[in-house]
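The chain contents come next:
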Amino acid sequence: MRFYLQKMEVKFDEDEQTAQDYSIVIRNPPHDAVNPEEWKDFFTANFHGSHVTCCTVAVDNDDLLRALVARRELLKNIEESLPNETDLSLDNLTRIVEKMELERTMFQKMVSKVFGGVVEKYHKLLHLNSTIVELSQTSYPASSVFITFENERTQRMVLEKMTVALVDAMRQNKNALSDPNLLFRGSHVCLVEEPAEPSTIRWQDQHVTKTELAIKFITTGFVLGLLAVSFFVISELHNINPTFSAFAISISNAIFPTLAKMLSKFEKHANEEQREVWLYIKIAIFRCVNSAVIILIITPYTSTTLGRNNDLLAGVYNVFFAEIVTSTILQLLDIGENVKRHVLAPRAKTQEAMNLNMRGSEIFLAERYTNMTKLVFLAIWHCPLYPGVLFMCAIALFVNFFTDRFSLMRSWKPSPKLGRSMSSFTREITFPIILMVMAFVAVRSWENFTYDSICSQGTLFSTDQNATWLFSLQGIDGIIGDTQVTLNADTISYYYCGTNNENMTEQQMKLTTVYQRFSYTIAGCIALVIAAVVGFYIKRFYSANYVPCGEAMDIPYSEVDSRTAYIPQVKSDSFAFPFLACPVAKIRDCDLFEWEDPHKPYDDYDITQDCKQLFLESGKDFDESLSVFSQMIHIPPLGIS
C-alpha cells in the first residue's frame, strides 16, 4: 500500500504543474540580503541559461503585519457601528468620538466598558496607529527567499547542486558545496529546499525561533489536561447510563478539534502543511485515547467480556453507534454555516458581509485524517475480543466517506493546496504505531481471557470425604441479600492470579504462545520500519539528500494556465480576501494572484500603503531605504507580458 500511494503521488504531481515545481526557498538568507534583484542576479550568473521569473524576499516583520491587519479589522468594526458612508478619516472620527463622549449616559458608559463601543475602539485605534508607526521605523532582517524559475529542469539543477545538510548550513561549512561560486556573496552557505505551495505559506510566521518551537510541544502536552477533564465527565456519565458516556465521547471528539485550533493560534508555522501535521498530532492523541483507552479504564476488569449494558463490549458498540450517528448528523446539519447562509447573509448590509456568510465552513485535513485514525484505532484495540467492531469500523468509514464527499461539494469552503506531508506522516508513523498497538493488545487479550483473575487450585479438602460445612454470608444492601454456602470435599477452590494462563488447556497455551511470538515479531519488524523512517529524517540534518519526484516537465512556468506566485499576503477572518504584505505597484498587472476581487483593485488590499498613510497623518517621513516590508519582483521572459 505504501509503494502504491507513493506511485500515485508521483503520478498526480506530474499531471498538474504548480509554482512549487518551479521554485526553491532559501531558509537562511543573510539578514541584510533584502534586495530581490541581488538574488536574481546571483542565480542568473551561476546557472547558465536559467531565467528567474519571480523573486520574493520575506522579512521578519510579523508584529507589524499583525498590527496592520488588526487595524483594518478595527476600522471595519467601527464602520459597521456608524451610519453608512461615514468618513473614517482620523479627524472625522475624533469629532464623532468627542460628540459621543458628551452625549453618553452613565449606563451607556458602563455597557461600553464591558462590550466595547465606538469610543473604546477609537482609543484602541489610536494605540494601534502609534504602534505601527513605531514598528515601521526599523529595518527587518530577511527570513526567507522564494525563487521561481521559468523551467522545472533549472529548479532541479539548483536543488541538486545547492542542497546541503542542515548542520552544514548552521555551521556555514563552505566545503559542503562543490562549487565555491555557489556561496552567496562568496561566503554564505544557503539552506535551499523545495517550498510548499504558495497558498499554504504563512507569511506572518516565516521566522520560527527555538522558543516558539518549544511552544508547539507545550500546547500539544496541554491535550493531556483536556483528556483528564474528558475522563472525569465520561466516567460520571458512565455511572448514570453507558449510552450517555458513549454520546459524550462522540460529542467531545467533535468539539476538541475546535479547541485544538485555538491552541494552534499560539504556535508559529512556516506553512499550512506544518500546521496541519501538528494539529493532527493533537487531535489524534485526544480522539484515540478518548475513544478507546478511557472506556477501558472506566469499565471494571471483570466486566470486560460480559454482555450487560454497562460492560466493555456493549460500551464499544455504543461508541461506534454514536460515532456513526452523532458525528454524521452534526456534519450534515452544519448548523452554524446554515444559519449564516440562510439567516445572516440575506440581512447583511454590504456585499462583502454577505460573501463572508456564504463562504462555508473551514475544512482542516488534520481533522478528517484523525477521524479515520480514531475509528481504525478503536477497531484495532477491541477486535481481538470483539471481531464485530471491524465490520462496524468499515460501515463508519463508508458513511464518513460519502458524508465528506457531500460536504466537500456543498458546504466546505476551498482549502489551500496542501502537499503530501499529512499522508506521509500518517502512512509512515501513525499506522505502523497502530499495528504495534494491535500486536500487544491482542496478546494481552488472549492472556487475560476470561477476565476474572481467578485460577483453580484443585479441590478444597483432601481428607474426611463425607464432611460438609455450612457458612452464612451477610449480603450487601441494595446489591445482594444474605445467603448460605455449603462446602464439601468436592468443592473446587480458587485463588487470585494476574492472568488466566494457568486456567488454559495445553492446546490453548500453545496457541497463545504462538500468537504471542508472531505478534511480537510483527511488532519488532514494524518498530524497525519506524526506526528507519525516523533515522531518515535525522539523517537529513547531517547529510544532503535531494531526490526529485517524477519526471521534469518541459512546460515553461509562464505557460502554465493555473500558475500562481509567492506573493506575501495575510488572511483575516473579517475579510473575504487576504491583505497584501508587499508593495503592489510592481506586480498589480501580473496574472499571478490566486484571487481577484471583482469590486476592488489589488491596491485596496495593500497594507503597506496604510503604513505610509499613517506617517503622512502624523507629519513624519516614511524612510523608503528601510526594509520594512517584504519585496517581490516579476520578470517575465522576453515576448511574454
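Being a predicted model, the structure only gives us computed values, none of them experimental.

S.K.: Got a minute to help me understand the packing of helix 6 (residues 118-135) against helix 19 (residues 607-617) in this structure?
M.R.: Any two packed helices are characterised by the angle at which their axes cross and by the distance between the axes. Between helix 6 and helix 19, whose axes approach to 10 Å, the crossing angle comes to 100°. One way to sum up the angle between helix 6 and helix 19 is to call them roughly perpendicular. Together, Asn129, Ile132 and Val133 of helix 6 and Cys611, Leu614 and Phe615 of helix 19 make up the contact between the two elements. Of the residues in the contact of helix 6 with helix 19, the class split is five nonpolar, one polar and no charged.

S.K.: What am I meant to see in helix 6 here?
M.R.: Because each turn of an α-helix spans 3.6 residues, side chains separated by three or four positions end up pointing in the same direction. Taking 1.5 Å per residue, 18 residues should reach 26 Å; helix 6 reaches 25 Å between its end C-alpha atoms and fits that length. When we look at burial in helix 6, the residues that qualify are Val118, Val119, Lys121, Tyr122, Leu125, Leu128, Asn129, Ile132 and Val133.

S.K.: Looking at this structure, I do not really get the environment of Val399. What am I missing?
M.R.: Tracing the chain through its elements places Val399 in helix 16 (residues 388-410). Since its relative accessible area comes to 22%, Val399 is described here as partly exposed. As a C-alpha pair, Val399 and Thr328 span 71 residues in sequence and 7.7 Å in three-dimensional space. If sequence neighbours within four positions are ignored, Val399 has contacts with Ile324 and Thr328.

S.K.: What is the right way to look at the nonpolar core in this model?
M.R.: If you look at soluble globular proteins, the nonpolar side chains tend to sit buried side by side. Core analysis: the largest hydrophobic core is formed by 58 residues, its most contacted members being Ile567, Leu580, Leu592, Phe629 and Met632. Mapped by element, the contributors of at least two residues to this core are strand 2 (52-59), helix 3 (62-81), helix 4 (90-103), helix 6, strand 10 (579-580) and helix 19. Ranked by residues supplied to this core, first place goes to helix 3 with eight residues. Setting aside chain neighbours within four positions, we find Leu592 in contact with Cys54, Tyr557, Arg563, Thr564, Ala565, Ile567, Met632 and His634. Of all hydrophobic cores here, the second largest spans 28 residues; its members include Ile24, Val158, Met162 and Cys190.

Cut-offs and rules
Residues numbered from 1 in each chain as written. Predicted model: local features only at pLDDT ≥ 70, side-chain atom pairs only at ≥ 80, totals over all residues. Heavy atoms only, no water. Axes fitted to C-alpha atoms, helices over the stretch in contact; angles between N-to-C directions. Helix = DSSP H or I, 4+ residues; strand = E, 2+ residues; numbered from the N terminus. Parallel < 35°, antiparallel > 145°, perpendicular 65-115°, else oblique. Contact = heavy atoms within 4.5 Å. Nonpolar A, V, L, I, M, F, W, Y, C, P; charged D, E, K, R; others polar. Expected span 1.5 Å × (residues − 1). Buried < 20%, exposed > 50% of the residue type's maximum accessible area, 1.4 Å probe, protein only. Core = buried A, V, L, I, M, F, W, Y, C linked by side-chain atoms within 4.5 Å.

The values are spatial; any link to function lies outside them.
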